[in-house]
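Close look at the chain arrangement
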Amino acid sequence: MNRLLLGFYGDDFTGSTDAMEALDQYGLKTILFLRIPDQGMLKRFENVDCIGVAGTARAKGKAGMKEELEPVFSFLRDLNPSFVHYKVCSTFDSSPETGSIGFASDLARRYFEKGSYPLLVAAPNLGRYTVFGHHFAAFKDEVFRLDTHPVMSRHPVTPMDEADLAKHLQKQTKQKIANVTILDLEAKSASEIVKDEEREAGLIVYDALNRAHMEKVSEVLWEKRGERAQFVVGSSGVEYALGEAMKREKQTQPTDRLKKPSQAERIFAVSGSVSDVTKSQLLAAEAAGFHAIQIPVELFTDEAKAEAFLADVAAMIAAKQKVVIYTAKGADDPVIVETRKHLSESGVAKDEIGIFIGEKLGAWTKSILDRVDVRRVIISGGDTSGFVISNLDIYGLEVLDSVAPGAPLCLAYSESEKFDGLEIALKSGQLGGEHFFENVYRSGSK
């Protein structure tokens, strides 16, 4: 097996497929594993350029992160690709208590000890920009500073109340944090930036506002290659930067996927996202003929009613319908408060409600797939995707079709005949475009 270009860990499942898709666009063959692969799995995919491991650290506290990340970091260190990437969301949602990016960076120091860690959150092609260390994100044709973003400033678990990435991150780590600004990128060569960066020896936030800035960052990353893996933190902007570097070095080729999407007759979708982007997507799906069903609150605590509901959903799918079940339409849906109240009164701890709902959605999705023959599935919501995929007997994913930036349709690998070859799209609340559900359904029909 030749040396890999990249080994990455995604702190949620949708972010992991986002990174895989970015690499795929440059013709870099990538396999995303849903657990640390054994030698047999690695041998099966020995001709790939990049390997990813999807995880759920974004939704965990420090103890859970430590338990999950240390084996992954050990695996990636021993694999020794040119780069190891801790992949986070391009809106950087995290806190000292939940999904701490600083804590993950501190853990990484035990395995990737030397030098500075570049931190690139910007991805201009996805509407994510960093300028003088402050982060901005697009929403409905407007660009907002992160702490005024209509969605991320109101995130139910990790609301972003600080747009200064260094200031936000400094609450999570004691490592020194510096900033390579757009002025630095425009005035200095890559080698000059690397020399200055190494004197900082900590986490280095990279600005990027446009393609030229991303090109310079890609030169910097390429300059930092060595015998041991270079650790990098950031969004899928890292994958785009490495793809540009490989393209510049003439080490990429046009994407030519051997496997193509089938023509779907049936499709099942489950949504646990409460973002307003997902709300628009659900409304568009209904207009396109999806049978949309809001999950009744009482199902979360009444197994008999849940069983009857699941049987009905399976019957609808079997009738060759397009079906989506969802928890809420947008952050202002009153059912959110109703659900929290109901679960609290049923004895679910306040800080466990999200996990409780996610686990139910995961179990229910598997139950539905066990009842009916459906080969294409959509999971909407970053945390929801993790809970659902964890319930399915799947060990790997590969990009099948780039349906929407950051949310590809993937081919599943499984030891189970039921799930091997399943076509599945995972999307975070913010991504996918208004007609995402219908676009996934139509993939392969042309």
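An unreviewed UniProt entry lists the chain under the name Four-carbon acid sugar kinase family protein, with Shouchella rhizosphaerae given as the organism. As its UniProt record puts it under Sequence similarities (unreviewed entry), the chain is described as follows: "Belongs to the four-carbon acid sugar kinase family."

**Details of the overall build of the chain**
Looking only at helices and strands, the chain features 15 helices and 18 strands. Scaling as 2.2 N^0.38, a compact globule of 446 residues should have a C-alpha radius of gyration of about 22 Å, and the chain matches this with 21 Å. Structurally, the chain occupies a C-alpha span of about 65 × 45 × 40 Å along its principal axes. Taking all 446 residues of the chain together, the buried fraction comes to 59%. Restricting to contacts in the chain with at least 6 residues of sequence separation, those with at least 24 account for 75%.

**Things to note about the UniProt feature "domain: Four-carbon acid sugar kinase nucleotide binding" (unreviewed entry) in the chain**
Cross-referencing UniProt, the feature "domain: Four-carbon acid sugar kinase nucleotide binding" (unreviewed entry) maps to residues 269-437 in the present numbering. Regarding residues 269-437, the helix share stands at 41% and the strand share at 20%, and the terminal C-alpha atoms are separated by 8 Å.

**Remarks on the state of the cysteines**
All chains considered together, the criterion is met by zero disulfides. Among the cysteines around C410, which has no disulfide bond, C50 carries the closest sulfur, lying 15 Å off.

**Describing the nonpolar core**
Nonpolar side chains in soluble globular proteins tend to be buried together. Residues L120, Y206, F268, V313, I325 and L397 are the most contacted members of the largest nonpolar core, which totals 78 residues. Apart from residues lying up to four places away in sequence, L397 is in contact with T17, M20, T30, I31, L32, L34, C410, L411, A412, Y413, I424 and L426. If you look at the next biggest cluster of nonpolar residues, it comprises 68 residues, including L69, I378, Y395 and A407.

**Focus: the side chain of S380**
Among the structural elements, S380 can be located in strand β15 (residues 376-380). Polar side-chain contacts of S380 include one of 3.5 Å to the side chain of S271. Sequence-distant contacts of S380, that is, excluding residues within four places in its chain, are made with V270, S271, G272, S273, T278, K427 and F437.

**Re the pairing of strand β11 (residues 230-234)**
Among the five residues that make up β11, five are buried, leaving the element largely enclosed by the rest of the structure. Judged by which residues are buried, β11 turns out to be covered on both faces: Q230, V232 and G234 on one side and F231 and V233 on the other are all buried. Bridge count for strand β4 (residues 83-87) against β11 is five bridges, and the pairing is parallel. Counted as the bridge partner of H85 is V232 from β11. As paired strands, strand β5 (residues 117-120) and β11 are joined by two bridges and run parallel to one another. What sits directly across from L120, in β11, is G234.

**A word on the sheet that holds strand β6 (residues 128-131)**
The three strands are arranged β6-β7-β8 in an open sheet whose pairing can be described as antiparallel. Taken across any chain shown, the strands that pair with only one partner, and hence form the sheet edges, are β6 and β8 (142-145). Strand-to-strand twist of the sheet, defined as the mean angle between neighbouring strand axes without regard to direction, takes the value 30 degrees. The sheet contact formed by strand β7 (residues 134-139) and β8 spans four bridges and is antiparallel. What sits directly across from F136, in β8, is R145.

**Overview of the packing of helix α13 (residues 353-371) against helix α14 (residues 382-391)**
Relative orientation of the contacting elements α13 and α14 amounts to 45 degrees, with a least axis distance of 8 Å. Between α13 and α14, the angle is such that the two are oblique. The chirality of how α13 crosses α14 is right-handed. Across from G354, I355, G358, E359, L361, G362, A363, T365 and K366 in α13, the residues of α14 making contact are T384, F387, V388 and N391. Here the residues of the contact of α13 with α14 sort into five nonpolar, six polar and two charged.

**Some words on the pairing of strand β10 (residues 203-206)**
Residues of β10 alternate between two faces, with L203 and V205 on one and I204 and Y206 on the opposite face, all of them buried. Direction of pairing for β5 relative to β10: parallel, over a ladder of three bridges. Across the sheet, the residue bridging to L119 is V205, located in β10. Relative to β10, strand β9 (residues 177-180) is paired through four bridges, and the arrangement is parallel. Paired with A178 across the bridge in β10 is I204.

Criteria and thresholds
- Position numbers for residues count from 1 along each chain, tracking the sequence in the order it is written.
- Confidence filtering applies because this is a predicted model: local features only for residues at pLDDT of at least 70, side-chain atom pairs given and counted only at 80 or more, and all residues used for totals across whole chains, interfaces and linings.
- The basis for the side-chain values is all heavy atoms of the structure; hydrogens and waters are excluded.
- UniProt positions are given in the numbering used here, feature names are shortened, and annotations may be inferred rather than shown by experiment.
- Comment: elements are numbered from the N terminus, with helices defined as DSSP H or I runs of at least four residues and strands as E runs of at least two.
- Note on method: radius of gyration uses C-alpha positions; expected globular size equals 2.2 Å times residues raised to 0.38.
- Burial classification: accessible surface area is computed with a 1.4 Å probe over protein chains only, and a residue below 20% of its type maximum counts as buried, one above 50% as exposed, and the rest as partly exposed.
- Note on contacts: a residue pair qualifies if any of its non-hydrogen atoms lie within 4.5 Å across the two residues.
- For this text, the term disulfide refers to a pair of cysteine sulfurs within 2.5 Å.
- We define the nonpolar core as a collection of buried residues of types Ala, Val, Leu, Ile, Met, Phe, Trp, Tyr and Cys that are connected through side-chain atoms lying within 4.5 Å of one another.
- Polar contact criterion, stated in full: a pair of N or O atoms within 3.5 Å, where within protein one must be able to donate a hydrogen and the other to accept it, and residues adjacent in sequence count only if both atoms are side-chain atoms.
- Pairing between two strands is assigned when DSSP locates at least 2 bridges connecting them.
- Only the stretch in contact is used when fitting a helix axis, every axis being a line fitted to C-alpha atoms; angles between N-to-C directions are given from 0 to 180 degrees.
- For classification purposes, angles smaller than 35 degrees are called roughly parallel, those larger than 145 roughly antiparallel, those between 65 and 115 roughly perpendicular, and all remaining angles oblique.
- Crossing handedness follows the turn of the near helix against the far one: under a right angle anticlockwise gives a left-handed crossing, and clockwise gives a right-handed one.
- Residue polarity follows a fixed list, in which Ala, Val, Leu, Ile, Met, Phe, Trp, Tyr, Cys and Pro are nonpolar, Asp, Glu, Lys and Arg are charged, and the others, Gly among them, are polar.

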